Amino acid sequence: MTSAWPLLVEKRAEIAPALRREFWLPLRRLAKMFHILPIAAAAALFVLLAFDGQLTEIYVSYMEDIASAGLALVVIRFVVAAFGFALISAVLYEAHYRLSGPRISVIYSMNAEVGTGSRLRQVQDVSAIIIALSPWIGLIAGLLNTKISLTSLFENLQKAKIDPADLQHVPEPSVLAVACAIVILGLVMASLVALHPKNRMLQHSVMMLTPLAAALVFRLLLDAPPFGATAFRLGASVAAILIVGAYYVVYHRIDLLRAYIFRAKALREDNNFSMRQWQRIVLFGWALLPWIVALVLYLLLPIFGALKSWLLGAATPGAVLPSLAMIAVGICWVAALGLTVASLLHRLRDDIVVRVWLYVAVCALAIAGLLIFWFTSTDFIVTVYRCLGPLGSLALSLLFLISGCVVLAVLSQRSHFPAFTLVALVLIAIARLPTSSGWSPTLLIAAVCLVLAAIAVLSRLFPAAGVALLLFAAVLFNYFRGVEPEFKLNRQAATNLGRQFDHWLTSKGVPVVGADPAQTPIDSCFARPTAVTPDGPKYPVFIIAAEGGGIYATSATSMFLARLQDENPCFSDHVFAISAVSGGSLGATIFQAIEAARLSRASAAGTPPALLAERANAAETTSMVTPDRLRPCRTPPAAGHPEAVNFSLEQKACRIVEGDHFSPLIASIFPELLGFTRKGRPFELAASFQQSANAEDPRAAAVLRAPFTADWTDVSKAPALVLNATWVETGLRAAFAPFPLHGIDDSLYSFVDVDMPANPAETLIDAAVVSARFPLVLPPYSIQVRAPTAPNSPTGAAAARTSEQSSYWNFVDGAYSDNSGAATALALYRALFATAQSRHVVLRLILLTSSDPALAVNQISGTTFADVMGPLNAMLNVRSGLANEAVARACDGVLVGGEGATADSAGKAQNTCEDRANRPDSALQIVGIEDQTYGLSLGWKISQTTFSVVSWMLGRSDIVGASDCNGTAKHGDATSQANGQFILNEQVVERNSCVLWSVQQSLGGAPAGHVVPERAAPAQRH
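Being a predicted model, the structure only gives us computed values, none of them experimental. (Residues numbered from 1 in each chain as written. Predicted model: local features only at pLDDT ≥ 70, side-chain atom pairs only at ≥ 80, totals over all residues. Heavy atoms only, no water.)

**Brief notes about the environment of Ala890**
Turning to its location among the elements, Ala890 is positioned in helix α31 (residues 866-894). Each C-alpha atom, one on Ala890 and one on Ala823, is 7.0 Å from the other, the two residues being 67 residues apart in sequence. Residue contacts for Ala890: discarding those within four places in its chain leaves Ala822, Leu826, Leu845, Leu847, Leu895 and Leu924. (Helix = DSSP H or I, 4+ residues; strand = E, 2+ residues; numbered from the N terminus. Contact = heavy atoms within 4.5 Å.)

Spelled out as structure tokens, the structure:
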């Protein structure tokens, strides 16, 4: 034991040098070899393409377009997307060698021993292939994530007792399409083995992955999860290991033929077919075998139905969901294209001609993109990028951004000048500093860049001079591009809210309480006399709140309002205002535009609006009672068809919202950074909605183009829009509204309030986009105002009364202050309640929201890293909780005194918000939208499948009746909740349907025996 101790001490002393030599030294060399830019760009691309919810919607849309869009358009979109991602792979591949090559040369020059570090080149080659494959791997992972999302969606629909086949639009591929996809991918992978006989690492990798990839594609074609059920998983895993092991052993035996080939006499003979060629053929066939087996099994599955059920691991035939085999076909094509691109890049990496053509192609596309935004009209830009498709537009934008960063990194490396950091600082500076006429800090930055360029030229550092000159040109271009006009502040507010509401009621013919019953009828929309008695029916007036949430909120809001209008010809005549946020603002704006166009068309034709709406209802009766009602968007009738004029508002809204609004927005990022767009992303998004509206109804497009200030008057039949935004400098709510708002809520401002900027030229659609300017997606709405100087300024009080100073005010998405829109709606309700009581009016508030203030304590799970994550989580949760708080305050403010409270079977009081609301006589009603369970993602492109789910969520009045909507609270699964979210099921959809039924009943007259109860006045604001 004593003699062993020195030996142990000696061995322990050798551990540290061995680790430093074998682990830390190679790791340090790798860190010096790799440049961070290609790695970071590849990782960001993978995460974006694999996990972004908006791209999941886009993947689904691409598959849906195969069945619904034209063949030429589908081919163009797929080709452009493939070409764009191929160029991204090429740029990343070239950037990796361009930036890491000089570092490897330095490392080699530092090695005294020959052969030391010889694996660096091999590591560089392998990492280059992985970086080049990153976009394609991201696309494959994104498609797999899409399958998981759709499968989860279909399972939730089944739990809600809805057949998923009625809501999904992804077509099932033909046998020929499946066969082509499998064969193409098999040929590509087999070719990699046969064409690279000396690359042993590539051969081993392909041979190990081939059987696993074939098995995965086969299971995806069966719509099975990757590993099946728990009982099936263990057996499948063991079988997979055995199959892969046996497959690799056979490949190893084939590979051992190399030793015999070199000793074969055939190699020394001059024949036309050597043993080496035979080996390539055998390897090619062996690599292709798993794909042939997968294809044969897929073709034989219809014959062996029991085998399919076993492979799916399904307990019962009813558990089989709609087919998503199209995803497997897409994965095969993406994998084949990615492997082909990576293989070509590796084979042609030393070809100077190919490299030059790559540079020319990227530069030509970038210049063409900039010129399109600079010289063409907005409609042309929207049309072009919609034709290219969302993935193609995204690929081109990412290509330009990555290429620009690579150019800066190469210039920085060659000139030893921090070009990338300097560019970032200058871009931030010119974005934040004013560009007013005269001398400004922007010109100072331009002068500094020019001086740096001159010094670099004199120092013969031409790359640094190029960076400085590029910055100088960008700063000057941004400065002389144009100065935004200044707006003065309002000196006089518009007519106050109460007076406009009173005039609005007078235009409807609603008399005051105690007036002569023989005067104007209570409902001028139908122009029919209605007796006004103390106990008779009252004129219902609605205030609607629509929450934000990107395109799904736009869909829900526009569909909900249009559906009510189609079912009730005079619905819009009874809606005074719509308080909307973000995507809800765009949805409300679209509805108001198509409704205003309908009213305008009816007025021009001399047709009463009610009669025109009834004709539209008659045209829609057939579609509303068929399963097609779950597929909301239908192709409109031909121009000469009798139903063309009366095409329902719901169909028009559907087709406007379902358009591709993502491509024009994402395509404008790169030109906007360089100043080649007039107004940037918000302008392109607004133009996209406007073009979609123009395609469906030119009159509606004209309404969207009109100034917001002329959109509504107190005699309009379409509702007033209150589009909520968040004032950056104060954190308060600021809304585009036709009436002042600060007088009814100290935390709320309207752009027509005193001391708010007067912007009469802002169009209706631009105002809606201001409400949806979520940071990083859309820039803030920044305006320059001329405000009087403070009275205590050094110039003196007398001079302050006449002098003005220029400053910038910024407004962003209204969701930062309240995503539900309920806070503004409640303020309107309280302000109008007294006037409603003095007239024959019953005031009702409808909330279209996913927010729910109910608390489920068993679902609260915090973090143990409270010191680090606590403050961050608090800020995020408080922001999201503002909507829940606004809904809770709306319940307490409208349902005074716990009105509508119920009790369960045990006699326990049920006093949650949704229990007190949604009764036929309730002044508050909630339409629940659940965005998490059904995977409703933010963004500006929605798939037909998701749109159908949203349409189903809203419910329909024709599927419920008085017995379903008698106000009895439904508990159990119907009221199960997650914190801040509804858990949506078929009973909640029934509740939403009851809201539509209740609105229809109130507009058609009070139900028999029903008396609308009087309510106490809500608490006044202090």
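Here the narrative resumes, following the displayed structure.
**Things to note about the state of the cysteines**
Enumeration according to the criterion identifies one disulfide in this entry. Here Cys965 connects covalently by a disulfide to Cys994, the sulfurs 2.0 Å from one another. Of note, the bridge from Cys965 to Cys994 carries an S-S torsion of about -80 degrees and is left-handed in sense. Highlighted residues: Cys965 in the loop between α33 (944-954) and β13 (977-978) and Cys994 in helix α34 (residues 986-1003), separated in sequence by 29 residues. The pair formed by Cys965 and Cys994 is uniform in burial state, with each residue classed as buried. (Disulfide = S-S within 2.5 Å. Buried < 20%, exposed > 50% of the residue type's maximum accessible area, 1.4 Å probe, protein only.)

**Re the packing of helix α6 (residues 175-195) against helix α12 (residues 325-347)**
Between α6 and α12, the least distance of the axes is 9 Å, while the angle of their chain directions is 25 degrees. On the basis of their axis angle, the class for α6 and α12 is roughly parallel. Pair α6 / α12 crosses with left-handed handedness. Across from Ala177, Val178, Ala181, Ile184, Leu185, Val188, Met189, Leu192 and Leu195 in α6, the residues of α12 making contact are Val329, Cys332, Trp333, Ala335, Ala336, Leu339, Thr340, Ser343 and Arg347. (Axes fitted to C-alpha atoms, helices over the stretch in contact; angles between N-to-C directions. Parallel < 35°, antiparallel > 145°, perpendicular 65-115°, else oblique. Left-handed = near helix turned anticlockwise from the far one by under 90°.)

**What to know about the pairing of strand β9 (residues 841-849)**
Counting buried positions over the nine residues of β9 gives nine, a clear majority of the element. Across the two faces of β9 the burial is the same, with Val841, Leu843, Leu845, Leu847 and Thr849 and Val842, Arg844, Ile846 and Leu848 all buried. For strand β2 (residues 539-546) and β9, the ladder comprises eight bridges, and the chain directions are parallel. From the neighbouring strand, Ala546 faces β9, where its bridge partner is Leu848. Strand direction decides the pairing type here: β9 and strand β12 (residues 924-928), joined by five bridges, are parallel. Bridging from a neighbouring strand, Ile846 pairs with Gln925 of β12. (Pairing = 2+ DSSP bridges.)

**Observations regarding the packing of helix α26 (residues 681-696) against helix α27 (residues 698-705)**
Closest axis-to-axis distance for the α26/α27 pair is 6 Å, and the angle between their directions is 150 degrees. The orientation of α26 relative to α27 falls into the category roughly antiparallel. When α26 is examined against α27, the residues Phe689, Gln690, Ala693, Asn694 and Glu696 are found in contact with a partner set consisting of Pro698, Ala701, Leu704 and Arg705. Its residues placed into classes, the contact of α26 with α27 shows five nonpolar, two polar and two charged. (Nonpolar A, V, L, I, M, F, W, Y, C, P; charged D, E, K, R; others polar.)

**Some details on unusual backbone geometry**
One non-glycine residue with positive phi stands out, namely Ser582, at about 50 degrees. The residue Ser582 is located in the loop between β3 (575-581) and α21 (583-605) in this model. Here Asp755, not a glycine, exhibits a phi torsion of approximately 70 degrees, which is positive. Its place among the elements puts Asp755 in the loop between β6 (748-750) and α28 (764-771). By relative accessible area, Asp755 is classed as partly exposed at 44%.

**A short note on the pattern of salt bridges**
By the definition in use, this model includes 16 salt bridges. For Asp502, the salt bridge identified is with Arg839, shortest N-O distance 2.6 Å. Highlighted residues: Asp502 in helix α19 (residues 497-508) and Arg839 in the loop between α30 (822-838) and β9, separated in sequence by 337 residues. Judged by relative accessible area, which is 28%, Asp502 ranks as partly exposed. With a closest N to O distance of 2.7 Å, Glu595 and Arg598 form a salt bridge. A residue pair is termed a helical-turn pair when its members lie 3 or 4 positions apart in one helix, as Glu595 and Arg598 do in helix α21 at three residues. You'll find Glu595 and Arg598 in the same group, each marked buried. (Salt bridge = Lys/Arg side-chain N within 4 Å of Asp/Glu carboxyl O.)

**A few points about the packing of aromatic side chains**
Taken as a whole and judged by the stated rule, the model has 24 aromatic pairs. Ring centres 4.9 Å apart and planes at 75 degrees place the aromatic pair Phe501 and Phe576 in the edge-to-face group. Here the residue Phe501 occupies a position in helix α19, and Phe576 occupies one in strand β3, the gap between them amounting to 75 residues. The exposure class assigned to Phe501 is buried, which follows from its relative accessible area of 0%. Residue classification places Phe576 among the buried positions, given a relative accessible area of 0%. (Phe/Tyr/Trp six-rings, centres within 6.5 Å; stacked < 30°, edge-to-face > 60°.)

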